[in-house]
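The lines below spell out each chain.
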Number of protein chains: 8
Amino acid sequence: MIEQKMAENKNDEKLIGIVMGSTSDWDVMKEAAKVCRDFGISFDARALSAHRTPDELGEWISGMEKRGCKAFIAGAGGAAHLAGVVASHTILPTFGVPIPSKYMKGLDSLLATVQMPRGIPVSTLAIGEAGAANAALAAISMLAINNDDLKKKLIEFRVKQSEKVRKATLPELD
Amino acid sequence: MIEQKMAENKNDEKLIGIVMGSTSDWDVMKEAAKVCRDFGISFDARALSAHRTPDELGEWISGMEKRGCKAFIAGAGGAAHLAGVVASHTILPTFGVPIPSKYMKGLDSLLATVQMPRGIPVSTLAIGEAGAANAALAAISMLAINNDDLKKKLIEFRVKQSEKVRKATLPELD
Amino acid sequence: MIEQKMAENKNDEKLIGIVMGSTSDWDVMKEAAKVCRDFGISFDARALSAHRTPDELGEWISGMEKRGCKAFIAGAGGAAHLAGVVASHTILPTFGVPIPSKYMKGLDSLLATVQMPRGIPVSTLAIGEAGAANAALAAISMLAINNDDLKKKLIEFRVKQSEKVRKATLPELD
Amino acid sequence: MIEQKMAENKNDEKLIGIVMGSTSDWDVMKEAAKVCRDFGISFDARALSAHRTPDELGEWISGMEKRGCKAFIAGAGGAAHLAGVVASHTILPTFGVPIPSKYMKGLDSLLATVQMPRGIPVSTLAIGEAGAANAALAAISMLAINNDDLKKKLIEFRVKQSEKVRKATLPELD
Amino acid sequence: MIEQKMAENKNDEKLIGIVMGSTSDWDVMKEAAKVCRDFGISFDARALSAHRTPDELGEWISGMEKRGCKAFIAGAGGAAHLAGVVASHTILPTFGVPIPSKYMKGLDSLLATVQMPRGIPVSTLAIGEAGAANAALAAISMLAINNDDLKKKLIEFRVKQSEKVRKATLPELD
Amino acid sequence: MIEQKMAENKNDEKLIGIVMGSTSDWDVMKEAAKVCRDFGISFDARALSAHRTPDELGEWISGMEKRGCKAFIAGAGGAAHLAGVVASHTILPTFGVPIPSKYMKGLDSLLATVQMPRGIPVSTLAIGEAGAANAALAAISMLAINNDDLKKKLIEFRVKQSEKVRKATLPELD
Amino acid sequence: MIEQKMAENKNDEKLIGIVMGSTSDWDVMKEAAKVCRDFGISFDARALSAHRTPDELGEWISGMEKRGCKAFIAGAGGAAHLAGVVASHTILPTFGVPIPSKYMKGLDSLLATVQMPRGIPVSTLAIGEAGAANAALAAISMLAINNDDLKKKLIEFRVKQSEKVRKATLPELD
Amino acid sequence: MIEQKMAENKNDEKLIGIVMGSTSDWDVMKEAAKVCRDFGISFDARALSAHRTPDELGEWISGMEKRGCKAFIAGAGGAAHLAGVVASHTILPTFGVPIPSKYMKGLDSLLATVQMPRGIPVSTLAIGEAGAANAALAAISMLAINNDDLKKKLIEFRVKQSEKVRKATLPELD
């Protein structure tokens, strides 16, 4: 697994840990990574399985905590336990992204991610790409509380987003 | 609507804003309030409707921001738009709690809360009481990033929680 | 956003306001626009987001009311709040069209549109193209109550529709 | 079946026709009737079945049209065809209310009501009591277009509704 | 609509009436027609809509009864009322085929067909092609009760079907 | 298991075989038995399991065929295989009744009953009591094809049913 | 947590490990324990959480393996990760029991248990009590492969079960 | 049907019986066969229908038992009764694989396979390919209890699987 270093504030600091159950989830989860990159937030993205590599997952989580990680984003499909397992390993905020599954299209992933028992929260976003991008935005909104520069960027993002909608034109009726 | 002042750090500071679509949602949403109280986190809890009192909602949100609010928790049922509307008014982190609806038991509330479009994230927790309590825990985990005292409390909470499970005994078979 | 002026009765009058959450919803929502055009009903169609451009949405709604608008048709997908937000801004009849979402195929859009709380009705049509066309027909049936010309057109539409079904032939068995 | 005459403008005028598939649906559908009564809108409420009394249904519909009916509200459960059959008999606006069914809790009723094919719209409201009340409000919003008195009442209704939410207080935490 | 005369016992006798809501349903419903043809059972197949051509539907049903029809097979999609409306027009056995809908893939069609109220049964088969073929087989099994020739054919069909399964071979593993 | 002899035409003739997976299904399935009794149709009702008593089930089916049985009605819940297994043992028409299950309320029973593969049809009715009653009505409508007395009774049943609906009165608004 | 020693073959041997996410799951999971007891199979039953006591869970699993455990039965509700986490800790067969959840009635539990990714199987049984009992029966059927005494008991169980069904009588129609 | 002999321990011994409802299920079920082959476990794979070839199914099952079969894997789609019928014919462990169905994508298959009544367990895996592979792994984990060589292979499989995840690299962001 290559380490993606894009926006490091300090030496090896990684503010956000992005983890997914399989490399095939990258097509969805890279939307989270792109948002981090665009906001200049350092992150580390990994494919690690709650079931197949539980030890590596635990090590990565504690390693990330030492590197200054402030939040985790976990995406998985089907019986999607990854975000819940991450949340049970850390008290850092954990965001869950339901990956669309082959046959159930993510309804299973959504329920397996969001329906966590009392005591171990997983803050869950929408199924698929929109959810992955929003997980990063949610994590960034959290970092922005104590970071005026980030707050400014978030406001600019919202303003641009609104402008984009405002400027959008509908085609003529054929 | 009475103001619930329980754990104020400073004069009128309210770290968390709890809002629900109807007073009948309080039975579920008070679980969020209780967690805030137990962690000594100031909060303001209100019943305000995205559809019936949009102006008051907007005023409350901006008022909360002035009072030092760091996160919003919004619970609603059915076509549950409240969390999404809160999230569109603020760049502060917004957590959504799907309230169980009379006939669909919260499946509608869950989908209407979690399936937000790219750009406006609502971090969604489980349907009902567990989700309300977890929304507060998620908000607190976020506040704990820059607050060692809170971090300690969170770890203690987890330890107690684990001990409670460990000590739980199953009844004898009859 | 271009203004689509097709069937103006008077100068700037727009009898129906069609709004959708994203330009990508146009493929579905243009079916509503086509029905308006075919019935000679003036309309204005816009892509405006309940979450990303709440202010513009409010301005457009009140602008439309000044231009003589009699009904709104709102289409959105996923956590589809648009129709509900429109309905909370106006006492004019509001029709909702659930746009098919990428993974849940509009089940989320349907529930988020139709399951409105008591007091703010959204009259909801079917998921997708049929729903968009029917939203316009429903709005027109409402306008026809006080418009004999429109009533006649509606009856003609129904007659033609029946004739089309009657004349339809099934292929031979191969 | 008794005729409910409550708020007649003229002699036998009935502005809204309320129909349900079974007398057992009255518990839900009376919410529509109450809203009509509260707004002073004349109505006729009947239990008639699309399948068991198709002829009476047709006669009632055409009778209602002669009595000045401007909109129909139809509620049914399970394979809920009533609203669709009403809509196929009239060009007047037809609103559908999915009645909660014994085992599926109205998911079947909702889909059977809302998923109408292109050409015959049924404007559908939420499952159960909220949907019944909203169907009446939607019909009234339509009548209000050409009735300033009704428009005023609708605005007052909204204002009162907002005040009620604003004044609602949450209980203290125990 | 062309009349499909394939296996007439007598002059104009049609033992089975096959009706569908739209010509686009033919791809599915022709599976019912093929089974009738293969068993030598006369049938008439039509596209008629419960909502768009209610009168023609009623006339076709009573016409079919005069031509010796013994059972109806009705297929429709979405808010699939066709089979229920057929069943309300006749005391002949009525079989329902849920046509897969564009977005909900026939879950709506299934519930709108099968969840009929007490008193008007629609005997419902599986969604899609298998259901269409089985509707014809079910109707034929009913005709076979008093027809030894047909009974023999049905047994032969079952025997052949079993043989086909028995003779089926699985490919080698690659 | 007691044999319920109520309306025998001849000595031991039983026109309809009613079978259910468990005695606890009787609360639902007795609605089928009552309809048979009311129409004077002989039947035999048994609790036999596709999985727990496959041999007895097979013997009962062939025994019923010898006693003149013309149709089977099978009700089961959950992974409801009973109707399918009955249908695989006989070429007589087989009607399926989905019994409401404890947690899924019959959605599992419905899909496991109706979604039969091509070649072995199970004509399925609604979940629960309405479906059980309608299964008997569907079987009787089939018997009525060659039985003018039964046809008359069916028409009378429909007439009474319509009258009952027509005479139903709604309570006054309180 | 008390240790339930009922049917030990040897000193501390426990052939089956039964684990559930919460003591409140015992009402369902005791059905698994009862089946073990009735078959004379030693077991240990514990409430341990995948998220709240991950370490204790791991220790219990490896402790069970040392005590001769041959299979695990894990029951959990909601985002039910327990069985998957057990399966990732052991190569022993793992059976999953979806516990009915408060609002979704176990649909979430079922999907979160059964939809495991390739490589880590969880053999899943039905939602609730029937599933718990069947999990024990499935584990016992596995032990019976190399245990003729157990095989005999299983056959006797099936025979008794069939007899019970055969002897069941239906009440008279009232 | 060809017999697939790949990994025979002894002459005609077949440790696992793989059966599917149709040859079209092979694309999914071959994943079970491949796992058996890769682990050197003899198996026999057949397409046999619970409904169309009940007798052959019974004969194959008892034949397999004579050839030393220790577990059955059954895959079927729609009203998927095959695994339940297999389980009712044998006391050997039976694993069920829900085959994705054409329109419902395997939700029907899953419920019809997993929701078995108390007394006849079907240990069910995920919908589709992952479930088929996991069914074989689950059966092998069962065989491994008394087979140290197989236990070693299973551990190696898990180790390799973990290594594969560990070595997986994510692409660079574009």
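Calculation notes
Residues numbered from 1 in each chain as written. Chains lettered and ligands numbered in written order. Predicted model: local features only at pLDDT ≥ 70, side-chain atom pairs only at ≥ 80, totals over all residues. Heavy atoms only, no water. UniProt positions renumbered as here; feature names shortened; annotations may be inferred. Axes fitted to C-alpha atoms, helices over the stretch in contact; angles between N-to-C directions. Helix = DSSP H or I, 4+ residues; strand = E, 2+ residues; numbered from the N terminus. Parallel < 35°, antiparallel > 145°, perpendicular 65-115°, else oblique. Left-handed = near helix turned anticlockwise from the far one by under 90°. Contact = heavy atoms within 4.5 Å. Least-squares fit on C-alpha atoms with pLDDT ≥ 70 in both. Buried area = accessible area lost by both parts, 1.4 Å probe. Salt bridge = Lys/Arg side-chain N within 4 Å of Asp/Glu carboxyl O. Polar contact = N/O pair within 3.5 Å; in protein donor to acceptor, adjacent residues only side chain to side chain. Nonpolar A, V, L, I, M, F, W, Y, C, P; charged D, E, K, R; others polar. Expected span 1.5 Å × (residues − 1). Buried < 20%, exposed > 50% of the residue type's maximum accessible area, 1.4 Å probe, protein only. Pairing = 2+ DSSP bridges. Right-handed = clockwise from strand over helix to strand, strands pointing away. Disulfide = S-S within 2.5 Å. 1 Å grid on protein atoms, 1.4 Å probe; cavity = no way out; pocket = protein on both sides within 12 Å on 5 of 7 lines; lining within 4 Å. Points joined across faces, edges and corners; volume = space filled by probe spheres on them.

An unreviewed UniProt entry lists chain A under the name N5-carboxyaminoimidazole ribonucleotide mutase, from Oxalobacter aliiformigenes. Note on chain A: under the UniProt heading Catalytic activity (unreviewed entry), the record states "5-carboxyamino-1-(5-phospho-D-ribosyl)imidazole + H(+) = 5-amino-1-(5-phospho-D-ribosyl)imidazole-4-carboxylate". A UniProt comment under Sequence similarities (unreviewed entry) is attached to chain A, and it reads "Belongs to the AIR carboxylase family. Class I subfamily."

1. What about the packing of helix H5 (residues 129-143) of chain G against helix H6 (residues 148-167) of chain G?
All names here are of chain G. Relative to each other, H5 and H6 sit at 140°, their axes nearing to 9 Å. Put simply, H5 runs oblique to H6. Once H5 is placed against H6, the crossing between them reads as left-handed. Touching Leu137, Ile140, Ser141 and Leu143 of H5 are Leu150, Leu154 and Phe157, all from H6.

2. Concerning the relation of the copies chain B and chain A
Laying chain B over chain A is done by rotating through 180° and shifting 0.0 Å along the axis; what remains is an RMSD of 0.0 Å. A rotation of that kind, with that shift, is consistent with a two-fold axis. Of all interface residues in chain B, 100% are interface residues in chain A too; the two copies therefore contact each other through one and the same surface.

3. Concerning the UniProt feature "domain: PurE" (unreviewed entry) in chain A
Here the UniProt-annotated "domain: PurE" (unreviewed entry) positions come out as residues 14-165 of chain A. As annotated, residues 14-165 of chain A has a helix share of 49% and a strand share of 16%, and its two end C-alpha atoms lie 33 Å apart.

4. Here's the deal with the interface of chain A and chain C
Taken together, the contact between chain A and chain C spans 18 residues of the former and 23 residues of the latter. For the pair chain A and chain C, the summed buried surface comes to about 1,900 Å²; carbon and sulfur atoms form 65% of the total. Contact with chain C buries surface across chain A, with Val165, Leu170 and Leu173 of chain A losing the most and accounting together for 40% of the total. Across the pair glutamate 129 of chain A and lysine 102 of chain C runs a salt bridge, and its minimum N-O distance is 3.3 Å. One can count four residue pairs in polar contact (both at pLDDT 80 or more) joining chain A with chain C.

5. Concerning the relation of the copies chain A and chain C
Least-squares fitting of chain A to chain C yields an RMSD of 0.0 Å, with the superposition described by an axial translation of 0.0 Å and a rotation of 90°. Expressed as an axis order, the relation between the two copies is that of a four-fold axis.

6. Observations regarding the interface of chain B and chain A
Contact with chain B, which involves 41 residues of that partner, is made by 41 residues of chain A. Of the roughly 3,300 Å² buried between chain B and chain A on both sides combined, carbon and sulfur atoms contribute 61%. Contact with chain A buries area across many residues of chain B, yet Ile91, Arg118 and Arg158 of chain B alone supply 22% of it, more than any other trio. Here arginine 118 of chain B makes a salt bridge to glutamate 31 of chain A, at a shortest N to O gap of 3.1 Å. Inspection of the chain B/chain A interface yields 17 residue pairs in polar contact (both at pLDDT 80 or more). Those elements that provide at least two residues to the side of chain B that touches chain A are helix H3 (82-89), helix H4 (107-114), strand S5 (123-124), helix H5 (129-143) and helix H6 (148-167) of chain B. With eight residues, the top contributor of residues to the side of chain B that touches chain A is H5 of chain B. In the side of chain B that touches chain A, the residues fall into 25 nonpolar, 10 polar and six charged.

7. Focus: helix H1 (residues 26-39) of chain F
Residue and element names in this part refer to chain F. Look at H1: 19 Å from first C-alpha to last across 14 residues, which is about the 20 Å you get at 1.5 Å a residue. Counted residue by residue, H1 has 11 buried out of 14 residues, so it is predominantly covered. All buried positions along H1 are accounted for by Trp26, Val28, Met29, Lys30, Glu31, Ala32, Ala33, Lys34, Val35, Cys36 and Phe39. Tucked into the core, H1 has its buried residues touching strand S1 (16-20), strand S2 (43-47), strand S3 (71-77), strand S4 (94-99), helix H5 (129-143) and helix H6 (148-167). Of the residues one or two after H1, glycine 40 is the one with positive phi, at around 70°.

8. Some words on the pairing of strand S4 (residues 94-99) of chain H
Regular strands place side chains that alternate from one sheet face to the opposite one. All names here are of chain H. Counting buried positions along S4 yields six of six residues, so the element is predominantly enclosed. Judged by which residues are buried, S4 turns out to be covered on both faces: Thr94, Gly96 and Pro98 on one side and Phe95, Val97 and Ile99 on the other are all buried. Both strand S3 (residues 71-77) and S4 contribute to a ladder of six bridges, which runs parallel. The residue of S4 that forms the bridge with glycine 77 is isoleucine 99. Following the chain from S3 across helix H3 (residues 82-89) to the adjacent parallel S4, one finds a crossover that is right-handed. Of the pairings in the sheet, the one linking S4 to strand S5 (residues 123-124) comprises two bridges and is parallel in character. Within S5, the position partnered with glycine 96 by the bridge is threonine 124. Assessed by its sense of winding, the connection that carries the chain from S4 through helix H4 (residues 107-114) to S5 is right-handed.

9. Section: the state of the cysteines
Residue and element names in this part refer to chain B. Counted by the stated rule, this structure contains zero disulfides over all chains. No disulfide involves cysteine 69; its sulfur sits 9.9 Å from that of cysteine 36, the nearest cysteine. We classify cysteine 69 as buried; its relative accessible area is 4%.

10. Quick look at empty space enclosed by the protein
Considering all chains together, one arrives at nine cavities of 30 Å³ or more under this definition. The space that makes up the largest cavity amounts to roughly 130 Å³. If you trace the largest cavity, you find 17 residues lining it, with Leu137, Ala138, Ser141 and Arg158 of chain G together with Pro121 of chain H closest to the centre. Here the lining of the largest cavity is composed, by residue class, of 11 nonpolar, five polar and one charged.

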